[in-house]
Every structure is written in C-alpha cells, then in structure tokens.
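Next come the chains, spelled out residue by residue.
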Amino acid sequence: MLRRWIMNLRFRDPLTGRALDRVDLLDEDLGQELGTVNGEIALKGLKCGNHTLDTDLYELTMVAGYLVSSKSKQKACFDLYYRQNPDGGGYCVFAGLESVIQYVNSLKIYPDDLDYLRGLGLFSQQAIEELAKGIKFTGSIWAVPEGTVVFPNEPLIRVVGPIAEAQILETTLLAMVGHQTLIATKAARLKTATRGAPVIDFGTRRAHGVEAALYGARAAYIGGCEGTSNVRAGKLFGIPIRGTHAHSWVESFDTEIESFRTFARIFPDHCVLLVDTYEVAEGVNNAIRVAEEMREIGKTLRGIRIDSGDLAYYSKIARSMLDEAGYPEVKILASSDLDEWLIESLRDQGARIDIWCVGTKLMTSYQTPALGVVYKLMAAGHAEEALIPKIKISQNPEKVTNPGVKKIVRFYNPRGFMMGDLLMDLEEPLPSGKPVRAHHPMYDYMKKTYRPPYDAKEIMVPIFLNGKQVYDPPSLQQVRQHAARELESLENETKRFTNPHLYKVSLSDTLHHIKKDLLLRHQENAANGRT
C-alpha cells in the first residue's frame, strides 16, 4: 500500500546534518537581509519552473492508462504543427523553443501533486504507484530553431520516445509554442508594415496575464520589435526597455508646460513628451519650448508621442512644427490601437511617424488570438522495432494527418529565396542536383517538381537525444538575427497582407505512398466492417 505523503518540510545543514525549520537569506556583498525562507516557501521556489501539472486532465489519464497497461513500453512519434496561418497571412515565425527546453528539463511530480491526484478519486492505486515512480523524459526531440520561418502542416517539433513520456508533453508544448509563435509572427508583420521603421511593444497592460506579457515581449523581440515597455522582460532577457509618461502625469500639474519641464528636468537624457493630453498642436508647441530650454543646457529632446486623434494628420503638423523650429532630430512616436493594416494605411497617407508603439493588437494578436497548434501521433512501435506510420482520418481533408517519422527539407533558389518545403521520411537522402517530385498533402492530382539549380537544406535540429539535452540554445540576440535573415529570404509576395502567395509544403514520393496506402487500407477495413 502506497503511503500518503505528509509534507513535513525542513532544511538540512550540509555541514552538521542538523535539521532547520527556516533559514535567513542574505546578500553578503551588501550586508542586506532579504528575508526568511521556510520549507513551504522553498518548495514553491523549486516548483516555480515546474509545469508538469500545467496540463489537461486527459494527458494524465492517458499517461496513467499507458503505464498500467501493456502499452507502457510502446514507443511513439508525435508532431507538433499548426494548420492555418494567423491573420490570413503567408507564414509564421517559430518561437517558444527555449521555454520548451526548460519545461522538459523540469518535469517532475511532487508528493503533494500525488496527494491531489489521489484525492480526485479518478486514478487507481496502481496508477498512483506508477506516477509516484516519477516522470522523466528519456526520448528524443527535434525542432526547427527558434526564429525560423515556418508554414502550416509541417512539424515544428518532433517528439519520439516512450508513449507516456511523449504524451505528457502535449498540452504544455502547445500552450508555449502556440502563444509565442503567434506574437513573434505579429511582430514580424508589424515590422513589414512599417517598412523597417522601429516597432516598440507597449502591450504588457493588455496581455492575458503577466506571464503572457513577459514571454510575449520576448517573442515580439524575436519577431522584430526594437524594444518593450515590460521592465521584467528587460531584466530577464536583456531586451531594450522603452517608455515615456502617461496623460495622468500631465493632468497632475496645473499646466502642460509645467509637466513637460518637470519631466525634462528629471529625465534630461531620455525625454519623450506625450503631446495629446489636451490639444495636439499646443502640446507640440509646448514640447518645442521645452526643447529650446533643454538645448540651452546641452540636452536634447528625444521625441514626442501622439496617442489619439488622426495620426496621419497630426504627425504631419507636428513634423512641420518641429522642423520649422529647428528640431528635425526630434522623433515622432505614435500609439493608439495600431495594427499592421492601420500602419500600412497611415504610411500610404504620408504619416510622418518615426517610431510605432503597438500594444493591444500585438500582445493579444487581436485579430487571431489563438494559433491552431496540434500535437498528433504519427508513428508507433515496440522496443527497438521500426516505428509504424499511423494516420488520423477525418471528413475534413485538412485534418487528415501526414503519417510517418518526418523531416523538413527546404528548397532555396539561386538568389537565396525560399522556394518550398518538402516533408520527407527520416531515412530518405537529402536531394541534390536532380529533379524532385512533390505531392500536395491533400489532393492527389496536384504535384510539382523542384528542378536544379536549387539548394536543399534540412531545417530541423536535435534538441534532446535519449533524454539528454544536446542543443545549446543561442542567445536571444542571435535568435532575433536568425529571424531577420529568415524573413529576408522569404519572397515579398508571401509577406503581403492581402491574398499572400501560398507557400508550398509537400510530401515526398515515399510519404505520399505511405499516406495513400493507409487511406486505402482504412477504406478497405471500413468496407469489410473492420474499423
């Protein structure tokens, strides 16, 4: 009989072995006491990076079922992918891999977790005993590098391992990758709309929680934002932080000019003034007066921000006023519910905006608030046997899976632009110097051929092999640079917002035959009543 865990938490002095109820935490360099830590607080600290229970119940019921049944030693291959680009776009920017790595490395079920699961009355004693042995991932994971441009129906992450270990990852991987990929993609689209002008993430207050804001800021930086208003993201990830002041700052003074002068005196090297609290033209005029006073003491007004009204009209007025006053270097920032379509329209209207501050529409991916990421079993087998391809059938053709253990081969033309992606069986050789036939994943009559000259590259890399992390994640700056290079190698037709060019993701001859055979077998079984 498995005993019930009682969380009697204490510390042990490593030198004396003496048990301690609590310890004081000190900063010895400053000689400052930071607080007292007891066992409960310490356990919360240990668990803060643990997301094992941040999952759907059905993951745990399936895992328990696998562990107590004959399937406990079965191996499986799962693909994580999405079915449709957000916002009617032509691509996504993959993000969230670093979070995935941290999650997989931190998998652990704690005694109080077992207590909770037991208390549900859902899991058998045998299931609880199996879960009590612990969950640790011992399989292998391959993924495209973070910042890679990706497309629907190709595996962003491939997980191979004991089926229970692979299954438990599903929900959390989907949540991490879906959210961060969505925000990175939105940032990339915004940068396209501004035609290279800086975009700043102002979305923390509109995010769906502070953790979404934190990792959203990181994803937005990957996608092309120059900075964020999120202070914690700046501290943890090294993202440049940006900010001005709110209308409440101006309103707290008797006059607008007094508020501007005070802000300039306190922040003389980082002064950006919000000019639309009352009347924009008068606000710009007051900003010019402050700029003159700053110039007299050797300081420079960095910029002004317009947060309401007709941004095209007022930005032109502001630019004219600043230039005529001798301040062409002062930047004009704009905010106010911006998205890529509005920015594109404002640019077409000749708006004189230098820096675009985007909040709600970026951090919530307002028009498409969820990416349809899925995690599907593609092959299964036992022990050291080769994995057998599996297929999920649906009356919706786009939901029929592409079976097998696959890799992504990307074709580039002689100019270095992406031509298309080919899903190939893991054992197929990399194409080189000869025509390659590619099959549409859903429609048998649609085929294309990649003809030389082309450059073919496999884009997935190993992250974990046999449970060991073998991938050293690049710095955030390197991920951001990789994303920029990826976007540069994508044709403009695929990046446009209206009816973008459809980038082809196809099946190799081998995978096409595997899928076709499985579909035919299913039809035969159904006809003979063997479903």
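Given the structure is predicted, the values throughout are model-derived calculations rather than measurements.

Asker: Lay out the overall build of the protein chain in plain terms, naming residues and giving numbers.
Answerer: Counting secondary structure elements, the protein chain contains 18 helices and 25 strands. In terms of principal-axis extent, the alpha carbons of the protein chain reach across some 85 × 75 × 40 Å. A burial count over the protein chain gives 49% of its 531 residues as buried. Long-range pairs, those at least 24 residues apart, make up 71% of the contacts in the protein chain with a sequence separation of at least 6. Of the roughly 26,000 Å² that the protein chain leaves accessible, carbon and sulfur atoms contribute 51%. Placing the 64 positive and 66 negative side-chain charges of the protein chain at their respective mean positions leaves the two points 6 Å apart.

Asker: Requested: an account of the sheet that holds strand S24 (residues 468-469), with residues and values cited.
Answerer: Spatial ordering of the open sheet is given by S17-S16-S5-S9-S7-S23-S24, a layout of seven strands whose pairing is antiparallel. Lying at the two open borders of the sheet, with one neighbouring strand each, are strand S17 (388-389) and S24.

Asker: Provide a residue-level description of the side chain of threonine 360, including the pertinent values.
Answerer: By secondary structure assignment, the location of threonine 360 is in helix H15 (residues 360-363). Among the polar contacts made by the side chain of threonine 360, one reaches the side chain of arginine 206 at a distance of 3.2 Å. Once you skip the residues sitting within four places of it in the chain, threonine 360 turns out to touch Arg206, Asp337, Ser365 and Tyr366.

Asker: Break down the environment of alanine 246 for me, citing the residues and quoting the values.
Answerer: Checked against the element boundaries, alanine 246 lands in the loop between helix H9 (231-237) and helix H10 (247-251). With a relative accessible area of 39%, alanine 246 lands in the partly exposed category. Counting along the chain gives 253 residues from alanine 246 to asparagine 499, while the straight-line C-alpha distance between them is 38 Å.

Asker: Describe in detail the environment of glycine 216, supporting the description with residues and values.
Answerer: By the secondary structure assignment, glycine 216 is in helix H8 (residues 210-223). Judged by relative accessible area, glycine 216 falls into the buried class, the value being 0%. Taking C-alpha positions, glycine 216 is 9.7 Å from glycine 96, a pair spaced 120 residues apart along the chain.

Asker: Summarise the packing of helix H12 (residues 280-296) against helix H13 (residues 311-324); cite the residues concerned and give the values.
Answerer: In the contact formed by H12 and H13, the axes pass within 10 Å of each other and the chain directions differ by 30 degrees. With respect to H13, the axis of H12 lies roughly parallel. Considering only the axes of H12 and H13, their crossing is right-handed. Along its contact with H12, which presents Val280, Ala281, Val284, Asn285 and Ile288, the element H13 presents Tyr314, Ala318, Met321 and Leu322.

Asker: So, the pairing of strand S3 (residues 22-27): which residues are in play, and what are the values?
Answerer: In this structure, S3 lies alongside strand S4 (residues 32-38), joined through six bridges in antiparallel fashion. Looking at the pairing, aspartate 24 lines up with threonine 36 of S4. Counting the residues that bridge the hairpin from S3 to S4 gives four residues, and of these glycine 31 lies at a positive phi of roughly 65 degrees.

Asker: Tell me what's going on with the pattern of salt bridges, and back it up with residues and numbers.
Answerer: Using the criterion set out here, one finds 28 salt bridges in the structure. Where aspartate 79 meets lysine 406, a salt bridge forms, and the shortest distance between an N and an O atom there is 2.7 Å. Here the residue aspartate 79 occupies a position in strand S5 (residues 74-82), and lysine 406 occupies one in strand S18 (residues 406-412), the gap between them amounting to 327 residues. The two residues aspartate 79 and lysine 406 agree in class, both being buried. Taking the shortest distance from any N to any O, the salt bridge between aspartate 455 and lysine 457 comes out at 3.9 Å.

Asker: So, the packing of aromatic side chains: which residues are in play, and what are the values?
Answerer: Evaluation of the coordinates by the stated rule reveals 12 aromatic pairs. Ring geometry for phenylalanine 411 versus tyrosine 454: centroids 5.0 Å apart, planes at 70 degrees, classification edge-to-face. Residue phenylalanine 411 is located in strand S18, and its partner tyrosine 454 is located in the loop between strand S21 (447-450) and strand S22 (455-458); the two are separated by 43 residues in the primary sequence. Comparing phenylalanine 411 with tyrosine 454, the two get one shared label, buried. Pairwise contacts between aromatic rings join Trp249, Phe253, Phe263 and Phe267 into one cluster.

Asker: Could you give an account of the sheet that holds strand S10 (residues 199-201), naming the residues involved and the relevant values?
Answerer: Pairing is parallel across the open sheet formed by six strands, whose spatial order is S11-S10-S15-S14-S13-S12. The sheet is open, and its two edges are formed by strand S11 (227-228) and strand S12 (272-274), each paired on a single side. Sheet topology note: the S10/S11 ladder contains two bridges and is parallel. Of the residues in S11, the one forming a bridge with isoleucine 200 is glycine 227.

Asker: Describe the packing of helix H4 (residues 111-119) against helix H5 (residues 125-132), listing the residues and the values that go with them.
Answerer: At a minimum axis separation of 11 Å, H4 and H5 run at an interaxial angle of 165 degrees. One finds that H4 runs roughly antiparallel with respect to H5. The handedness of the crossing between H4 and H5 is right-handed. Counting all contacts with H4, which are made through Leu114, Leu117 and Arg118, the residues of H5 involved are Ile128, Leu131 and Ala132.

Asker: Break down the environment of leucine 465 for me, citing the residues and quoting the values.
Answerer: In this structure, leucine 465 sits in strand S23 (residues 461-465). Counting along the chain gives 304 residues from leucine 465 to glycine 161, while the straight-line C-alpha distance between them is 9.7 Å. Discounting chain neighbours no more than four positions away, the residues touching leucine 465 are Gly139, Ser140, Trp142 and Val470.

Asker: Run through the pairing of strand S13 (residues 303-306), naming residues and quoting values.
Answerer: Across the two faces of S13 the burial is the same, with Gly303 and Arg305 and Ile304 and Ile306 all buried. Since S12 and S13 lie parallel, the crossover through H12 that links them has a hand, and here it is right-handed. Pairing geometry for S13 and strand S14 (residues 331-334), over four bridges, is parallel. When the sheet's bridge partners are listed, glycine 303 is paired in S14 with lysine 331. A crossover links S13 with its parallel partner S14, the connecting element being H13, and its sense is right-handed.

Analysis parameters
- Residues numbered from 1 in each chain as written.
- Predicted model: local features only at pLDDT ≥ 70, side-chain atom pairs only at ≥ 80, totals over all residues.
- Heavy atoms only, no water.
- Helix = DSSP H or I, 4+ residues; strand = E, 2+ residues; numbered from the N terminus.
- Buried < 20%, exposed > 50% of the residue type's maximum accessible area, 1.4 Å probe, protein only.
- Contact = heavy atoms within 4.5 Å.
- Areas by Shrake-Rupley, 256 points an atom, 1.4 Å probe, with all protein chains shown as cover.
- Lys, Arg positive; Asp, Glu negative; His and termini not counted.
- Charge placed at Lys NZ, Arg CZ, Asp CG, Glu CD.
- Pairing = 2+ DSSP bridges.
- Polar contact = N/O pair within 3.5 Å; in protein donor to acceptor, adjacent residues only side chain to side chain.
- Axes fitted to C-alpha atoms, helices over the stretch in contact; angles between N-to-C directions.
- Parallel < 35°, antiparallel > 145°, perpendicular 65-115°, else oblique.
- Left-handed = near helix turned anticlockwise from the far one by under 90°.
- Salt bridge = Lys/Arg side-chain N within 4 Å of Asp/Glu carboxyl O.
- Phe/Tyr/Trp six-rings, centres within 6.5 Å; stacked < 30°, edge-to-face > 60°.
- Right-handed = clockwise from strand over helix to strand, strands pointing away.

Just distances and angles here, no functional claims.
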